[in-house]
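Chain and residue survey
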Amino acid sequence: MAAEVLAVFVWWLLAVLAGWLAWPLCAKLLGTLPDMGYTASKAFSLLLTGFLVFTLGSFGFLRVTAGSVLVAAGAVAAAGLVSSGSHQQQLSAWAKINWRVVLASELIFFGAFVLMAALRSLNPEIVATEKPMELAFLSSIMRHQTLPAPDPWLAGYGISYYYFGYIIIGLMAATSGVTVGIAFNLALALVFALAAAASAGLIYNLVAIDHTPDAAGQPNQQQLPMKVWIGPVLLAPVLLLVVGNLNGLLELLHQGGVGSAAFWSWLNIKWLSEPVVAGAGWMPTRYLWWWQASRVIRDLNLSGAPIDLEPIDEFPFFSFLLGDLHPHVLGLPFLLLAVSAALALYLHARQQSLHKFAVAVPTALLAVVLGGLAFMNAWDFPLALALASMACVIGLAASGQTNYAIWQRSGVLILTTIVLCIIFFLPFYTGFRSQAGGIIPNPIFVTRLSQFTVMFGVLLVPAGLWLLWESTGVNLNWRAALWAGPGALAALVGLCALLTVVAMRTGQLAATSAYSTLLGDVPAAEMWNAILRRRFIESPWTNWLLAGMLAAAGGVAFGSPRRAGNSVPFVAMLLAAGAALTLIPDFVYLRDTFGMRLNTIFKFYYQAWLLWALVAAYAVSRMERVQSTVGRLAFGAVTTVVITGGLVYPALAVWTKTEGLQGTTVINQQRTATLDGLAYMRTANPDEADAHAWLRAQLPASGAIAEAVGGSYTEFGRVSAHTGLPTVLGWPGHELQWRGGFTEAGNREEQVRALYSSRTWEDAQQILSAHDIRYVYVGSLERNIFPAAGLQKFDLHMRPAFSNNSVTIYERIN
Amino acid sequence: MNASTETLHAPAPFVRLHIPLLVDWTMEAWAYVLLGCYSAGTRLIGLGTAPLAGSAARDAMWAWEHARGLALPATAVPNSALLFSLQMLLFWVGGHATETLARLAPALAGIALVFMPLLLRKELGAIGALAASALLALSPSLTAIARSADGIGLALPLAALTAISIWRWQSAQPAPGLQVAALAAGAGLACGPEYIASIVALAITSLLIAPQSLRQWSPVLRSGRWWLAVGLALAASSTAFLQYPAGLAAAGDGWGAWLADWLAPQGTTSFFTPLLTAVLYDPLAIGLGVIGAATAARRIPAARFLSIVSLVVVAISLVDPQRRAIDEGGLVIVISLRAAFAMNWFFAADWSGKRAQICAVHACCLFAVCCILYLVLGGIATGSTGAIGQTGWGLLSVLGVVFAILWLVTALVGSWWDWQIARRGALAGFVLTALVWTTASGSALISTRAGSAVELLTGESISPHIRLLEETATQVSLRARGSSTDAEIVVLGPPSGALAWALRDFANVRYTNSLSATITAPIVITPGEIVDPLLGSQYLGQRFNYELTRGRLPTDLPGRIGYIMFRKIPVTATQLVLWARADAQLLR
């Protein structure tokens, strides 16, 4: 336990030191912001260090080791010193004046880090969902240390996924010397804390910009009274990372018997439309009730029956509660960093100083930030790029710039950044293959307003009220409003219609296996009527709401303000971006192996949550300018009510998930709080735990390990996930997703089956040689699946390098 | 650090040696030539003795494989990236890998280190600089370090060069000082953890003595050119000019290793070992350094700086959990430089009349007494003095008597003639005694395996055994395959660096984790404890000593005296057995 507490401290210290080290360089990118980039410097430093290690590592210069981190950190520090110049005094002066901001930022980071570390320690197990996959990546990176990292689930190949986040975590783990099980959970705490600090910093910047008279020059030379910013700054991380959607409140009410059956049936959220499970009190007792919060949106076919592949509508707190270290979670603080960069661009454009930004260092750093997002969570890159571009546009519009040359220069800046993004991360792109294959029209599935409100109501109420109020303080740009709202809606409708017609004419729609599922009982001839009825009569409200929000936001962003608020156009842009992200999947979605829109909804809604959380926090800061006391009170009351409603989920879910805050890990018949996500195995399967520990202790050497192959989200692939040793084939379904096909995986699954089942040593030897297999793992899973007669040959022809009651690990001789 | 402009009492100019048609050099120049020859001899003779130490052999093996264009394991991380790069280049240029080439770079760097006091001639004075160079040349510690295939052999000279260059720059000398410092720092950062330790000691000293001097560094650290020079030097030296890209990671791992060592549990080396080793092997430098500090530290900033550095190095060696050789080597370098002031003090006296002769006689008397002491101690160690000195009190009595005699002689000289000359006579006598001791230690080091003092402790050498093993394998290969290096060799055990190095020229070496009767290789090598390797009756084995491990220090007083005097200690030999197949046995 003491070692784990020390590990927490070391990780916190490393993050803080990293931030200080890179702050001068971060200030080159974000120096025009009121906080001079301080609050985003930690995330910036980790990303930049990771970029240097990855780039140099791809050419063999560096590895995922503490030493390489030192080299990269040294380079970052040196670059910061060289580029700071006279900036250095500015930074020192700023820190002296704004020590409260520094202190608040550090306290938020520390508090969030410790809080999440404590939560993870009560439920640290790395099991189920996609956690084994994430563990496998991390294990592979930490074991092999070379880049590009080998794919742990397809021996002989590199990882074909956006795994930059795992590299950064691997670097932290290597520097601190923790095991992979501890690194996994500390990573969650670190990402949580980085996102908290970055969101708080963003809101501070937005508030500070609002309080800067236009004629005052650089906003970062002011000292803002603490009472102006502390409330929204503290609220931002809560809205982004702590509150849940209203499903928690609904679960509570449902369990308590509130609401009629008709209401629950109308709401049509899975399990909530069923009669309540018997149990005393208000606490939800249904098994995995907390999981339902990520399945609020239900897609119904034309007959009104729910489809199997239900959309995923996660939100950040759910991810941290689940303990899911997926790229969309890892990317949170870095997406916030990109939003900060967009804000800096907005300020430069507004102050007509984009030429100061469009020089080598800031442009290169912007490219690293944006390009890094593509490598970390590819879904975030288009959004970040769009925000940066729109920030320039809105800023230039707000400055009243009419010089075409300036606009052109901004375009060149964005284009240059895109090119640099690709060049800087070329080693990633050369080995990356994606399952994405274009866009698919969605004429049928529409998000119902009721479910949309359950999902986003906590954030949309304050954000929407703010937009309404802000609209009254601006001479709306009606042209922009029309283009943004109705124009966007019309464009999406047109695109959807066009793609649907093309799909029908070419027979692609009919050829899909989901076609009959989509229609349900509706005859094909009635399809269009059913679609139009759904779109315009049954469930048009969400689309119209979002279109309205887009229109209002567009009008505000490009309007002429009558009320002080330099940040308003930028925040309106964020709100509009969120609206666009949630509107798009109702018309088109990305083609992937799922074939439905569940993954597009998943990623887009997650991003929308982030953007609207920022808007909602900002909205609170703006309410001080409402002249009517009644208005302020009403807003405060409504916002408090919805936020309270949103806090029901985290409170109840944490209680359930941690089994009443007692902890879920049992070691030596005692509940233990531990950060080691693999500690549960000492009780659940001690033989396998010992075997994995033995494998981890073996010096990295060439050769793969053979283990049983099975489906995704199961315990298959557990040996390679826990040890980092590459296996012949892990989860076939995921390899299909990552590589867009089975070309690389081939018939490996059959070969592994043959390896274990065949009674002929020669056949097995061929397979061993073909895949350079060093170890053959025979645990209880393998013994259950494969015949004993096939396993006997290993005793005769291989050396038992490790053996205990239920696991034998055979090693090839010589 | 601040340069000193204090004027030293300079001795009379050296006499010039004029050889018609050849040279017209001063004695000082000739002295440096002689020192160069001596240091070259001590550092280069016997450089090819086998084997290399474990990790040094492993790194050299990797360097050889890389020079041949073979792929290295992904986790191959040499201890010193710079040494690895140099070895790789030397192997590539030389066309083959030998112990001599593996140790050549540190040896040459050690020779260069001897001449570094020349760069401080202005501060140390002509005689002081020469004396410092002599001490560096004679030092057994530095000789041993220079003869090892270890990164420390490069780290120390580079650290000295960095420090001296920075000193030159801060003395308002031209900019090349800074550029040289940048290049030396870049190369030094590729040396391994030892360089970091040296720079940390220098930085701490600067902070203690003259923190305001660090302000001069602010514009330098913000200069892109400085960092570019450091970065390019680091990249070039760690990667052998990009021939070994992973060298940059290895350099970084060296820094990480230095940091990690501070958090690691206590090493096996005891608290005072570095200091005691320095006193045991370098009493001349230690003694002169102490006198130099006593005579000059208060008056001369350079002497003061060197004194503080040596104290910082001692402090670091005391708190360092790992007690590295850098602690001892660095101390010797600094002390040797400080010893220059002792020599300046020695010569800054009135030598008119017969003072020189009196001093010489005084010194010889003291030397003679010390020789008698040596004989007495030797007798105690071998037990031939009977009960005398067999106990602590007895030994103290002997030492007390001897030191009383020494003091009496000095007091006589001082009171009869001149206390100035008496002090200098005592110093000369000490120098004479310590010089003999030091030279003897150095010579002993030369005659044993380079880079390891273990053979010093037994008088035995492993090198002939290793060469015999290699020769035997070659002969068996010739009989079995008709070629000296083509025979298949099976080695039981993991591929250890030292054995892999010894068998580096053989093309078909295979490492296995178990033997069986199906093995038919002409040569099989097993650990010495295996007497029946289950190879069938067709193999015959021959034992070879492979490595020596020192035993525990003697616990009795005569034993400990014997260790100090003669470096005698029990050692155990690790053995290997070479099994030759029946048809390839040399006996047939």
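Keep in mind the model is a prediction, meaning the values are calculated, not measured. (Residues numbered from 1 in each chain as written. Chains lettered and ligands numbered in written order. Predicted model: local features only at pLDDT ≥ 70, side-chain atom pairs only at ≥ 80, totals over all residues. Heavy atoms only, no water.)

**Observations concerning the overall build of chain B**
Looking only at helices and strands, chain B features 23 helices and 7 strands. Taking all 588 residues of chain B together, 51% fall into the buried category. Across chain B, every contact between residues at least 6 apart in sequence was considered, and the portion connecting residues at least 24 apart equals 75%. As presented, chain B carries roughly 25900 Å² of accessible surface, and 68% of it is formed by carbon and sulfur atoms. (Helix = DSSP H or I, 4+ residues; strand = E, 2+ residues; numbered from the N terminus. Buried < 20%, exposed > 50% of the residue type's maximum accessible area, 1.4 Å probe, protein only. Contact = heavy atoms within 4.5 Å. Areas by Shrake-Rupley, 256 points an atom, 1.4 Å probe, with all protein chains shown as cover.)

**Describing the packing of helix α20 (residues 449–471) of chain A against helix α25 (residues 541–557) of chain A**
Residues and elements named next belong to chain A. Packing of α20 against α25 brings their axes to within 11 Å, and their N-to-C directions diverge by 25°. In this view, α20 runs roughly parallel relative to α25, as classed from their interaxial angle. Handedness of the α20/α25 crossing: left-handed. Here Leu449, Phe452, Leu460, Leu467, Glu470 and Ser471 of α20 come into contact with α25, specifically with Trp541, Thr542, Leu545, Leu546, Met549, Ala552, Ala553 and Val556. Classifying every residue of the contact of α20 with α25 gives 11 nonpolar, 2 polar and 1 charged. (Axes fitted to C-alpha atoms, helices over the stretch in contact; angles between N-to-C directions. Parallel < 35°, antiparallel > 145°, perpendicular 65-115°, else oblique. Left-handed = near helix turned anticlockwise from the far one by under 90°. Nonpolar A, V, L, I, M, F, W, Y, C, P; charged D, E, K, R; others polar.)

**Overview of the state of the cysteines**
All names here are of chain B. With the rule as written, the count across this model stands at 0 disulfides over all chains. In this structure cysteine 359 is not part of a disulfide, and its nearest cysteine sulfur, from cysteine 364, lies 9.4 Å away. In this model cysteine 365 remains outside any disulfide bridge; the closest cysteine sulfur is found in cysteine 364, 7.1 Å from its own. (Disulfide = S-S within 2.5 Å.)

**Focus on the sheet that holds strand β9 (residues 799–803) of chain A**
All names here are of chain A. The strand order across the open sheet formed by 4 strands is β7-β8-β10-β9, and the pairing between neighbours is mixed. A strand with exactly one partner marks an edge of an open sheet, and here the two such strands are β7 (704–706) and β9. Taking the axes of each pair of neighbouring strands and ignoring which way they run, one obtains an average angle of 25° across the sheet. As judged from the 4 bridges shared by strand β8 (residues 773–778) and strand β10 (residues 808–811), these two strands associate in the antiparallel manner. Its bridge partner being in β10, valine 778 is matched across the sheet by threonine 808. (Pairing = 2+ DSSP bridges.)

**Overview of the pattern of salt bridges**
According to the stated counting rule, one finds 27 salt bridges over all chains in the structure shown. A salt bridge links B:Asp253 to A:Arg63; the nearest nitrogen and oxygen atoms lie 3.4 Å apart. In this pair, B:Asp253 sits in helix α13 (residues 247–263) while A:Arg63 sits in the loop between α2 (41–58) and α3 (66–84), so the two residues belong to two different chains. Each of the two residues, B:Asp253 as well as A:Arg63, counts as buried. Among the ionic pairs, A:Arg682 bridges to A:Asp676, the shortest N-O distance being 3.7 Å. We classify A:Asp676 as buried; its relative accessible area is 14%. (Salt bridge = Lys/Arg side-chain N within 4 Å of Asp/Glu carboxyl O.)

**Remarks on the packing of aromatic side chains**
Residue and element names in this part refer to chain A. Tallied over the entire structure, the rule returns 57 aromatic pairs over all chains. Here phenylalanine 315 and tryptophan 609 contribute two aromatic rings whose centre-to-centre distance is 5.2 Å and whose plane-to-plane angle is 25°, an arrangement assigned as stacked. Of the two residues, phenylalanine 315 is situated in the loop between α11 (261–267) and α12 (316–322) and tryptophan 609 in helix α27 (residues 598–622); the sequence distance between them amounts to 294 residues. Each member of the pair, phenylalanine 315 together with tryptophan 609, is buried. One aromatic cluster in this structure is built from Trp289, Trp290, Trp291, Phe315, Phe317, Phe318, Phe452, Phe456, Tyr605, Trp609, Trp612 and Tyr649. Residue placement shows arginine 535 over the ring face of phenylalanine 587; its charged tip is 4.5 Å from the ring centre. (Phe/Tyr/Trp six-rings, centres within 6.5 Å; stacked < 30°, edge-to-face > 60°. Lys NZ or Arg CZ within 6 Å of the ring centre and 35° of its normal.)

**Considering α3(A)**
For α3(A), built from 19 residues, the straight-helix expectation of 27 Å at 1.5 Å per residue is met to within 8% by its first-to-last C-alpha distance of 26 Å. Of the residues making up α3(A), those classed as buried are A:Gly67, A:Ser68, A:Val69, A:Val71, A:Ala72, A:Ala73, A:Val76, A:Ala78, A:Gly80, A:Ser83 and A:Ser84. If you follow the buried residues of α3(A), they end up packed against α1 (2–30), α2, α4 (87–97) and α7 (164–176) of chain A together with α12 (224–239) and α13 of chain B. A positive phi of about 55° marks A:Gly85, the residue just after α3(A). (Expected span 1.5 Å × (residues − 1).)

**Regarding a nonpolar patch on the surface**
All names here are of chain A. Residues Leu449, Leu532, Phe536, Ile537, Trp541, Trp544 and Leu545 make up a contiguous nonpolar surface patch of about 720 Å² in total accessible area. Breaking the nonpolar patch down by element, the ones donating at least two residues are α24 (527–538) and α25. Within the fold, leucine 532 resides in helix α24. (Patch = residues over 30% accessible without salt bridge, like charges linked within 9 Å, V, L, I, M, F, W, Y side chains within 5 Å.)

**Looking at the pairing of β9(A)**
Residues and elements named next belong to chain A. Strand direction decides the pairing type here: β9 and β10, joined by 4 bridges, are antiparallel. Note on β10: the bridge partner recorded for arginine 799 is glutamate 811. Hairpin remark: β9 followed by β10, antiparallel, with 4 residues in the connecting loop.

**Some remarks on the domain arrangement of chain B**
Residue and element names in this part refer to chain B. When its domains are assigned, chain B resolves into domain 1 (16–345), domain 2 (349–450) and domain 3 (463–584). For domain 1 and domain 3, the distance between their C-alpha centres works out to 35 Å. Taken together, the contact between domain 1 and domain 3 spans 19 residues of the former and 11 residues of the latter. Buried surface at the junction of domain 1 and domain 3, summed over both partners, amounts to about 1300 Å²; 61% is from carbon and sulfur atoms. The interface formed by domain 1 and domain 3 includes 2 salt bridges. Counting across the domain 1 and domain 3 interface gives 4 residue pairs in polar contact (both at pLDDT 80 or more). (Domains from an automatic or database assignment. Buried area = accessible area lost by both parts, 1.4 Å probe. Polar contact = N/O pair within 3.5 Å; in protein donor to acceptor, adjacent residues only side chain to side chain.)

**Some details on the packing of helix α18 (residues 355–382) of chain B against helix α20 (residues 419–447) of chain B**
All names here are of chain B. The N-to-C vectors of α18 and α20 enclose an angle of 45°; their axes lie 8 Å apart at closest approach. The pairing of α18 with α20 is recorded here as oblique in orientation. The handedness of the crossing between α18 and α20 is right-handed. Contacts from Arg355, Ile358, Cys359, His362, Ala363, Leu366, Phe367, Cys370 and Tyr374 in α18 reach Ile421, Ala422, Arg424, Gly425, Ala426, Ala428, Gly429, Leu432, Thr433, Val436 and Trp437 in α20.

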